[in-house]
Amino acid sequence: MNRLCLALALVVVTLLLGGGHASPVDDLLSNCPPPPPPRQTPPTNVRELYPSDIKAVMALGDSITAGFAMHTYPVEERQDVYSIGANPNATTIFNFIRHYNPNVVGGATHSTLPLDAAVYHKPYEWLILEQDKIHLNAGVSEAKAADVFGQIRYLKERLPKEGVDMKNDWKLLTLFIGANDLCVACESSHTAQQPENWIQTVDSLLNTVHQDIPRVFVNLMGMVNITEVYRVDVQSWYCRLVQTKFEECPCMSGHGPDGRAAMSAAIVQYNQLMAQLAQKWQAKNLDDFYVSFQPFLTETPFPGREVLSDLDCFHPSAISDQYMAMGLWNSMFLPAALKPTSINVNLTVQCPSGYLQ
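Let us now look at the side chain of H99. Here H99 shows up in helix α4 (residues 93-100). Polar contacts involving the side chain of H99 include one to the side chain of D26, which spans 2.6 Å.

Glancing now at the packing of aromatic side chains. The geometry of an aromatic ring pair comes down to the distance between the two centres and the angle between the two planes. On inspection of all chains with the given rule, the structure shows nine aromatic pairs. When the centroid spacing of 4.8 Å and the interplanar angle of 70 degrees are considered together, the rings of W329 and F333 count as edge-to-face. F333 carries the same exposure label as W329, and that label is buried. Aromatic ring contacts, followed pair by pair, group F96, Y100, W329 and F333 into a single cluster. Of note, R153 hangs over the ring of Y124, and the distance from its end group to the ring centre comes to 3.6 Å.

What follows covers the state of the cysteines. A complete count under the given rule lists four disulfides for this structure. One disulfide bridge connects C186 with C251, the sulfur atoms lying 2.1 Å from each other. Judged by the torsion about the S-S bond (-95 degrees), the C186/C251 disulfide is left-handed. One end of the pair, C186, is in the loop between α9 (179-182) and α10 (195-212); the other, C251, is in helix α13 (residues 250-253), and 65 residues separate them in sequence. Across the disulfide from C239 sits C313; the S-S distance is 2.2 Å.

Moving on, we get to the pattern of salt bridges. One pass over the structure, following the stated rule, counts nine salt bridges. Among the ionic pairs, R78 bridges to E76, the shortest N-O distance being 3.1 Å. Side by side, R78 and E76 carry an identical accessibility label, which is buried. Of the charged contacts in the structure, one is a salt bridge between K280 and D203, with a shortest N-O distance of 2.5 Å. Separated by 77 residues along the polypeptide, K280 in helix α14 (residues 256-283) and D203 in helix α10 bring together distant segments of the chain. Since its relative accessible area comes to 17%, D203 is described here as buried. It is possible to trace a salt-bridge network through shared partners that takes in D132, R158 and E162.

Taking strand neighbours across the sheet as the criterion, the four strands line up as β1-β2-β3-β4 in an open arrangement whose pairing is parallel. Each edge of the open sheet carries a strand with a single partner, namely β1 (54-61) and β4 (289-294). Adjacent strand axes in the sheet meet at a mean angle of 20 degrees when their direction is disregarded. Direction of pairing for strand β3 (residues 216-221) relative to β4: parallel, over a ladder of six bridges. When the sheet's bridge partners are listed, V216 is paired in β4 with F289. Contacting β1 and β2 (170-176), helix α8 (residues 148-158) crosses the sheet at an angle of about 155 degrees to β1.

Let us now look at unusual backbone geometry. Phi angles above zero are rare outside glycine, and R215 is one such case at about 55 degrees. Along the chain, R215 falls in the loop between α10 and β3. Of the residues examined, R215 reaches a relative accessible area of 14% and is grouped as buried. At N285, a position not held by glycine, the phi torsion is positive, near 55 degrees. One can find N285 in the loop between α14 and β4. Exposure remark for N285: the relative accessible area of 53% places this residue in the exposed category.

A word on helix α12 (residues 237-246). Residues of α12 that are buried: C239, V242 and Q243. On an axial view of α12, the arc spanned by its buried residues comes to 95 degrees, and they lie on one face. Away from its buried face by more than 90 degrees, α12 exposes W237, T244 and K245. Buried residues along α12 sit in contact with α11 (227-233) and α13. Just past α12, the residue E247 takes up positive phi, approximately 45 degrees.

Inspection of the secondary structure assignment puts N168 in the loop between α8 and β2. It is 46 Å that separates the C-alpha atoms of N168 and V232, two residues lying 64 residues apart in sequence. Apart from the residues within four sequence positions on either side, N168 is in contact with P42 and R215. A distance of 3.0 Å separates the side chain of N168 from the side chain of D165, its partner in a polar contact.

Reading the values: the criteria
Residues numbered from 1 in each chain as written. Predicted model: local features only at pLDDT ≥ 70, side-chain atom pairs only at ≥ 80, totals over all residues. Heavy atoms only, no water. Helix = DSSP H or I, 4+ residues; strand = E, 2+ residues; numbered from the N terminus. Polar contact = N/O pair within 3.5 Å; in protein donor to acceptor, adjacent residues only side chain to side chain. Phe/Tyr/Trp six-rings, centres within 6.5 Å; stacked < 30°, edge-to-face > 60°. Buried < 20%, exposed > 50% of the residue type's maximum accessible area, 1.4 Å probe, protein only. Lys NZ or Arg CZ within 6 Å of the ring centre and 35° of its normal. Disulfide = S-S within 2.5 Å. Salt bridge = Lys/Arg side-chain N within 4 Å of Asp/Glu carboxyl O. Pairing = 2+ DSSP bridges. Axes fitted to C-alpha atoms, helices over the stretch in contact; angles between N-to-C directions. Contact = heavy atoms within 4.5 Å. Arc of directions from axis to C-beta.

What follows is the structure, given as structure tokens:
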């Protein structure tokens with residue numbers, strides 16, 4: 001009887017601990033050379049970073065960075081977000097980095113409700129309230145580019161609480177912003193969202209990060225063609241109903257073909273300007289700050305309904321976040337001329353080859 005009880009207890013413990021199975025990221029990297037130990041002396045140049053040199057992972061952005069409606073429900077599933085989720089069972093950049101540096105910090109650990117920020121219009125205060133859940137995921141639902149300055153302020157204050165040496169530790173930042181700007185860019189009254197004005201705001205954001213947070217490698221994410229969402233949505237009666245009732249993106253669903261055409265043109269300009277902006281920052285040849293434009297979403301077609309949230313038919317699904325993490329990881333080790341502009345369901349994870357780029 002005692003042996004039976006012991007056996008059952010061991011089964012329960014094994015299940016609770018995951019049965020000793022490797023995480024999805026460990027499986028994806030299983031054919032890669034074993035990770036080298038982190039260097040005892042950190043590199044002094046941002047162009048000489050290996051994944052193991054990253055001590056903190058950070059994210060700025062909107063509801064995509066917050067993970068809204070990823071798993072059907074109207075909550076932000078931050079623990080599974082492609083760039084910074086810390087759920088060991090999720091495929092995320094944070095977990096890719098953790099494979100090479102088990103002591104990395106910053107990954108979001110819990111889901112959050114987006115309503116506080118929307119109702120009280122105090123996103124910075126809301127981030128502070130939720131900091132032990134979100135850690136260094138500062139994304140705020142409904143944010144436009146001009147709203148990200150408060151997110152940077154939050155990261156600056158939170159980093160030391162994560163045990164980060166602000167002066168000496170290297171940090172990886174993913175900035176994905178622009179969807180909410182683009183969704184009103186077809187309306188002439190929204191001058192801040194016109195491409196030439198919008199990119200100035202993004203440049204100011206990067207400058208603020210550079211001034212406030214030392215030693216940062218920035219992934220500047222290219223924008224997906226949001227009209228692909230419309231192409232998929234019109235094939236589903238439920239999605240047509242949702243977009244009609246809630247109109248999450250006015251230029252996609254509220255202004256007809258002309259609105260979508262204007263938004264598509266703005267998306268192309270946003271991406272061109274971001275690529276030029278990254279080149280501008282690279283030309284500064286700074287030792288402690290680098291901006292890399294990651295374009296793998298810019299020409300990615302949507303294969304079908306499965307890539308969108310089951311709840312609102314607009315935000316990325318969990319499947320999308322998984323492929324976004326894989327696409328970003330691969331792109332981070334390629335020079336600008338070789339970075340892909342699209343990904344698909346046949347995407348495979350590449351072993352890291354050299355420094356971050």
